[in-house]
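Overview (structure and organization)
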2 protein chains.
Amino acid sequence: MEDVGTSKGGFYHHFKTKDELLYVIHDTFISYALEKAAKANDMHESPTKKLQAIIHDFVKVFDIYKPHISVFYQENIYLNEKYEVLIKKKRDQFKNIIMKALYEGKEQGEFRSDLQVDITGMAILGMVNWTYKWYHQGGFRTIDDISNIFVDLILHAVLESETITSGKYKELLMK
Amino acid sequence: MEDVGTSKGGFYHHFKTKDELLYVIHDTFISYALEKAAKANDMHESPTKKLQAIIHDFVKVFDIYKPHISVFYQENIYLNEKYEVLIKKKRDQFKNIIMKALYEGKEQGEFRSDLQVDITGMAILGMVNWTYKWYHQGGFRTIDDISNIFVDLILHAVLESETITSGKYKELLMK
DNA sequence: CAAAACAGACCAACTAGTCGGTCTAATAGG
DNA sequence: CCTATTAGACCGACTAGTTGGTCTGTTTTG
């Protein structure tokens, strides 16, 4: 059995199946991420600040829960349907928070009017989710470095050029 | 055995081990991607055009080789070291082409002078690589839609604002 | 007909999961 | 207050099924 810090018997006393463990592992970090994103949503008025806060917290999740996230992405393909739907639900909620923020920013004119919300959202999810493949604690870049750079890149990509030049959000952008 | 379209004997006649199959699968699409990226590198002078061409071809790989890519990412964690180094080598080559293009763009002044090449490169790799998780042929967005939007987002993120407003690359940007 | 391509019986190692049991610690009864 | 009862945590031998891989033999092809 995988290096679970207990015996077979002990393990199956706590979990019905291996899938249940995997579900719990996923739920641990997705619940955290979801809660943070929801808070960021409520705390900020402007879509720009909202998006910044969401990204920031999202990136941080990979610092806190990297082991959880790694085993989840390794094993989730073999997961049975029952748990798959439960997991998909929370992941969709998270995705929707991002999509909504992008949509609001576009509506309110802070973001570019030609922004393709769906693909942009997937691009953001991709660039952040992929960090689990390369980020490791104690490397050259701290997690805050990374999140600042990601925010800068994303905001440059989505902000209306006037919003950038206005200097309104200059503390969120580099340079 | 997995749903290989042949018998055990047939399979092991063509491959020494299962790992070798996985290596060949990976090599198929990474070699294609590498070749395309190298060509894009040679064909274009400006870093902007270069980056655009690289991204475009890179995204296309996911349309052509999605099955290959999916099984590779599912199984590669269990791969033994021998093949792992071979695979890493080609992946690093590909990564370096992207990093070099970013670096050149920065040096030549087309890209922002405050660009963090390493993290930006990883962000690009992430947003494109992640497409294998959600893209499927026949969906609402064609692969060319996606690659155009990705290029637009990335260029807005990396280009010096004067390079954008100059209109020099307006055919690569949306709107 | 020789070599390559293939089939499938077979094997050893491993997997998820079960089951009977022990150990510990809390609670109840006398 | 001490002993009996009991519940939950935990163990590890065992089982049924799967996996990667081998081997012997048969078919196909040049």
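Residues numbered from 1 in each chain as written. Chains lettered and ligands numbered in written order. Predicted model: local features only at pLDDT ≥ 70, side-chain atom pairs only at ≥ 80, totals over all residues. Heavy atoms only, no water.

Focus: the overall build of chain A
Looking only at helices and strands, one finds 9 helices and 0 strands in chain A. Secondary structure elements in chain A, listed N-terminal to C-terminal, are α-α-α-α-α-α-α-α-α. Projecting the C-alpha coordinates of chain A onto the three principal axes gives extents of approximately 65 × 35 × 25 Å. For chain A, the residues scored as buried account for 52% of the 175 residues in total. Put simply, chain A shows about 8,700 Å² of open surface, and 54% of that area lies on carbon and sulfur atoms. In chain A, 23 side chains carry a positive charge and 25 a negative one; their mean positions are 2 Å apart. (Helix = DSSP H or I, 4+ residues; strand = E, 2+ residues; numbered from the N terminus. Buried < 20%, exposed > 50% of the residue type's maximum accessible area, 1.4 Å probe, protein only. Areas by Shrake-Rupley, 256 points an atom, 1.4 Å probe, with all protein chains shown as cover. Lys, Arg positive; Asp, Glu negative; His and termini not counted. Charge placed at Lys NZ, Arg CZ, Asp CG, Glu CD.)

Let's talk about the protein's contact with DNA strand D
The immediate surroundings of DNA strand D are formed by Thr6, Ser7, Lys8, Gly9, Gly10, His13 and His14 of chain A together with Lys8, Tyr12, Thr17 and Lys18 of chain B. Of what DNA strand D places within 4 Å of the protein, 43% of the atoms are sugar or phosphate. Here a phosphate oxygen of DNA strand D sits 2.9 Å away from a polar atom, N or O, in the side chain of Ser7 of chain A. Per-element tally for the surface near DNA strand D: the top contributor is helix H1 (residues 8-14) of chain A, with 5 residues. Class assignment of the residues belonging to the surface near DNA strand D gives a composition of 1 nonpolar, 7 polar and 3 charged. (Near = heavy atom within 4 Å. Polar contact = N/O pair within 3.5 Å; in protein donor to acceptor, adjacent residues only side chain to side chain. Nonpolar A, V, L, I, M, F, W, Y, C, P; charged D, E, K, R; others polar.)

Some details on the nonpolar core
In this structure, Phe150 of chain A together with Phe150 of chain B are the most contacted members of the largest nonpolar core, which totals 111 residues. Phe150 of chain B has contacts with Ile119 and Ala123 of chain A together with Ile55, Val59, Met127, Val128, Thr131 and Trp134 of chain B, leaving out every residue within four places of it along the chain. (Core = buried A, V, L, I, M, F, W, Y, C linked by side-chain atoms within 4.5 Å. Contact = heavy atoms within 4.5 Å.)

Overview of the protein's contact with DNA strand C
Near DNA strand C there are 12 residues, and of these Lys8 and Lys18 of chain A together with Gly9, His13 and His14 of chain B occur at the shortest range. In DNA strand C, atoms within 4 Å of the protein come 46% from sugar and phosphate. Taking His14 of chain B, its side chain carries an N or O atom lying 2.6 Å from a phosphate oxygen of DNA strand C. Only H1 of chain A together with helix H1 (8-14) of chain B provide two or more residues apiece to the surface near DNA strand C. When residues in the surface near DNA strand C are grouped by element, the largest group, 5 residues, is from H1 of chain B.

A word on the packing of helix H2 (residues 18-43) of chain A against helix H5 (residues 81-107) of chain A
Residue and element names in this part refer to chain A. In contact at an axis separation of 10 Å, H2 and H5 are set at 20° when each is read in the N-to-C sense. Here H5 runs roughly parallel to H2, going by the angle between their axes. Like other packed secondary-structure pairs, H2 and H5 cross with a definite hand, here left-handed. (Axes fitted to C-alpha atoms, helices over the stretch in contact; angles between N-to-C directions. Parallel < 35°, antiparallel > 145°, perpendicular 65-115°, else oblique. Left-handed = near helix turned anticlockwise from the far one by under 90°.)

With respect to the relation of the copies chain B and chain A
Superposition of chain B onto chain A requires a rotation of 180° combined with a translation of 0.0 Å along the rotation axis, giving an RMSD of 0.1 Å. What the superposition gives is, in effect, a two-fold axis relating one chain to the other. Of the interface residues in chain B, 100% have counterparts in chain A that sit at the interface too, so the contact is made through matching surfaces. (Least-squares fit on C-alpha atoms with pLDDT ≥ 70 in both.)

A few points about the interface of chain B and chain A
Each side of the interface is counted separately: chain B has 35 residues, and chain A has 35 residues. Approximately 3,100 Å² of surface area, both sides summed, lies buried where chain B meets chain A, with 65% of it carried by carbon and sulfur atoms. For the pair chain B and chain A, the number of links is 4 salt bridges. Residue Arg112 of chain A is joined to Asp152 of chain B by a salt bridge in which the shortest nitrogen-to-oxygen separation is 2.7 Å. Linking chain B with chain A are 10 residue pairs in polar contact (both at pLDDT 80 or more), by the criterion used here. For the side of chain B that touches chain A, the elements supplying multiple residues, two or more each, are helix H4 (66-75), helix H6 (117-129), helix H7 (131-134) and helix H8 (143-158) of chain B. Here the side of chain B that touches chain A gets 9 residues from one element, more than from any other, and that element is H6 of chain B. Across the side of chain B that touches chain A, the residue classes tally to 19 nonpolar, 7 polar and 9 charged. (Buried area = accessible area lost by both parts, 1.4 Å probe. Salt bridge = Lys/Arg side-chain N within 4 Å of Asp/Glu carboxyl O.)

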